[in-house]
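Survey of secondary and tertiary structure
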Amino acid sequence: MIKTLLKQIGEYKKDTIMTPITATLEVVMEVIIPMLMAYLIDMGINQGDMGVIWKMGLLLVLCALVSLAFGVLSGFYGAKASTGFARNLRKDMYYKVQSYSFSNIDKFSTGSIVTRLTTDVSNVQNAFQMMIRIAVRAPMTLIFAMVMAFQVNSRLSLVFLAVLPILALGLGFISTRAYPAFSRMFKHYDRMNTVVQENLRGIRVVKAFVREEKETEKFVEASDHIRKDSSLAEKILAFNSPLMQFCMYAVILLISWFGAKFIVSGTMTTGQLMSMMSYAMQVLMSLMMLTMIFVMGTMSRASAQRIVEILDEQSDIVDGQKNL
């Protein structure tokens, strides 16, 4: 499946490659800023050295501007690559459908093909943009911030490891419960599109035989199935936010508690505690972004499989000259 989808990148390979590169450079600048802030507080503000304050202040502004520039470039390349990827998907799927025989079309149904060309492609497009940008930025932020946090205070950094098992178990529960609901939901979308198409195509027959109520019941039934599965999937995914909030605030409280004791004992400075708080926020935000990717991947997985089914389907129409 992945190999089939990657072929659709086509002429947008440069934008796809530049997106993670610029995102990584943005992360590097963001990770440097807390260290400069710690130096500014300890050596500048606490010592009353205006020279250090001015020097570090200007350096912080420069790093922020450079980080902003790389962030803008990452967003630009990511948007261009994802929209181009979706364009190629729709084009190849459309031309593939044109080569189908009637039996191939009946296998999927017209409503299902329409859904795959629209909703499914949009889901995969969003997932692709997150994969080449946020899926690179979040792990890089997590790794760099963890390394810098251990450089500041290795004992206090062990707090991060305490929340990882809780997060892993929570995400595993969400994934195993949400994916089947999304798979069923897309099948019900196909059914609803088919019902609408049949009703519009045969509107004269429906009116002639007074079948409006029956057609309305068919539509309501299909729509209600979508509502139930969508509601179930969203309820399961709703656990993601409180889980992340719990882990985030637990880490912040633990760092504040133990960090204050380290400062009192003289094993840690105020600037180091400030940098640890910044790195804690970066680590937790990167984990939150990873969970967002996880959720989007769960939603788009079913869509990706449905798209690949269209692209891999072989037409029953065979060139007669080949049999001669």
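Below or above, wherever it landed, is the structure these notes cover. Quick caveat, the model's predicted, so the values are computed rather than measured. (Residues numbered from 1 in each chain as written. Predicted model: local features only at pLDDT ≥ 70, side-chain atom pairs only at ≥ 80, totals over all residues. Heavy atoms only, no water.)

**A word on the overall build of the chain**
- For the chain, the helix and strand inventory stands at 11 helices and zero strands.
- Ordering the α and β elements of the chain from the N terminus gives α-α-α-α-α-α-α-α-α-α-α.
- Relative to its length of 324 residues, the chain is extended, with a C-alpha radius of gyration of 27 Å against a globular reference of 20 Å.
- Projected onto the principal axes, the alpha-carbon positions of the chain cover approximately 90 × 45 × 35 Å.
- Here the chain, with 324 residues, has 43% of them falling under the buried criterion.
- Once local pairs closer than 6 in sequence are excluded, the contacts in the chain between residues at least 24 apart make up 88%.
- Within the structure as shown, the chain displays about 17,800 Å² of accessible surface, and the carbon and sulfur contribution to it stands at 66%.
- Charged side chains of the chain number 32 positive and 24 negative; the gap between the two group centres comes to 3 Å. (Helix = DSSP H or I, 4+ residues; strand = E, 2+ residues; numbered from the N terminus. Rg over C-alpha atoms; globule rule 2.2 N^0.38 Å. Buried < 20%, exposed > 50% of the residue type's maximum accessible area, 1.4 Å probe, protein only. Contact = heavy atoms within 4.5 Å. Areas by Shrake-Rupley, 256 points an atom, 1.4 Å probe, with all protein chains shown as cover. Lys, Arg positive; Asp, Glu negative; His and termini not counted. Charge placed at Lys NZ, Arg CZ, Asp CG, Glu CD.)

**Details of the environment of Cys 247**
- Among the secondary structure elements, Cys 247 is positioned in helix α10 (residues 240–265).
- The sequence separation of Cys 247 and Gly 51 amounts to 196 residues, and the corresponding C-alpha distance is 40 Å.
- Residue contacts for Cys 247: discarding those within four places in its chain leaves Val 163, Ile 166, Leu 167 and Leu 284.

**Section: the nonpolar core**
- Core analysis: the biggest nonpolar cluster contains 29 residues, and Phe 160, Leu 167, Val 251, Ile 255 and Met 276 have the highest contact counts within it.
- Breaking this core down by element, the ones donating at least two residues are α2 (13–45), α5 (110–152), α7 (159–201), α10 and α11 (270–312).
- Not counting the four nearest positions on each side in its chain, Val 251 is found in contact with Val 159, Phe 160, Val 163, Ala 280 and Leu 284.
- Listed in part, the 22 residues of the second largest apolar core include Leu 89, Phe 128, Val 308 and Ile 310. (Core = buried A, V, L, I, M, F, W, Y, C linked by side-chain atoms within 4.5 Å.)

**Considering the environment of Leu 243**
- Within the secondary structure, Leu 243 is located in helix α10.
- By relative accessible area, which is 15% here, Leu 243 ends up buried.
- Sequence separation of Leu 243 and Ile 166 is 77 residues, and the distance between their C-alpha atoms is 8.5 Å.
- Setting aside residues up to four positions removed in sequence, Leu 243 forms contacts with Ile 166, Leu 167, Gly 170 and Leu 171.

**As for a nonpolar patch on the surface**
- Nonpolar side chains collect at one region of the surface, where Val 61, Leu 65, Leu 68 and Val 72 lie side by side and expose about 390 Å² of accessible area between them.
- Note that Leu 65 resides in helix α3 (residues 50–98). (Patch = residues over 30% accessible without salt bridge, like charges linked within 9 Å, V, L, I, M, F, W, Y side chains within 5 Å. Salt bridge = Lys/Arg side-chain N within 4 Å of Asp/Glu carboxyl O.)

**Here we look at a negative patch on the surface**
- On the surface, Glu 212, Glu 213, Glu 217 and Glu 221 cluster together into a negatively charged patch.
- Relative to the elements of secondary structure, Glu 217 occurs in helix α9 (residues 212–237).

**What to know about the packing of α7 against α10**
- Packing of α7 against α10 leaves a shortest axis separation of 10 Å and a crossing angle of 175 degrees. Judged on the interaxial angle alone, α10 and α7 are roughly antiparallel. Residues Val 159, Phe 160, Val 163, Ile 166, Leu 167, Gly 170, Leu 171 and Ile 174 of α7 pack against Asn 240, Leu 243, Met 244, Phe 246, Cys 247, Val 251, Leu 254 and Ile 255 of α10.
- A per-class count over the contact of α7 with α10 returns 14 nonpolar, two polar and no charged. (Axes fitted to C-alpha atoms, helices over the stretch in contact; angles between N-to-C directions. Parallel < 35°, antiparallel > 145°, perpendicular 65-115°, else oblique. Nonpolar A, V, L, I, M, F, W, Y, C, P; charged D, E, K, R; others polar.)

**Digging into the side chain of Glu 313**
- Mapped onto the elements, Glu 313 comes out in the segment after α11.
- Glu 313 gets classed as buried once you look at its relative accessible area, which sits at 12%.
- Those residues in contact with Glu 313, other than ones at most four positions away along the chain, are Lys 96, Tyr 100, Asn 104, Lys 107 and Phe 108.

**Here we look at the side chain of Asn 88**
- Among the structural elements, Asn 88 can be located in helix α3.
- A residue is classified by how much of its surface remains accessible, and Asn 88, at 5% relative accessible area, is buried.

**A few points about the packing of α5 against α7**
- Two elements in contact, α5 and α7, have axes whose closest approach is 10 Å; the angle formed by their N-to-C orientations is 165 degrees. Of the possible angle classes, the one that applies to α5 and α7 is roughly antiparallel. Where α5 crosses over α7, the two elements pack in a sense that is right-handed. Every residue of α7 that contacts α5 at Thr 110, Gly 111, Ser 112, Thr 115, Arg 116, Thr 119, Asp 120, Asn 123, Met 146 and Ala 149 is listed here: Phe 160, Leu 161, Phe 186, Tyr 189, Asp 190, Asn 193, Thr 194 and Gln 197.
- Split into classes, the residues belonging to the contact of α5 with α7 amount to six nonpolar, nine polar and three charged. (Left-handed = near helix turned anticlockwise from the far one by under 90°.)

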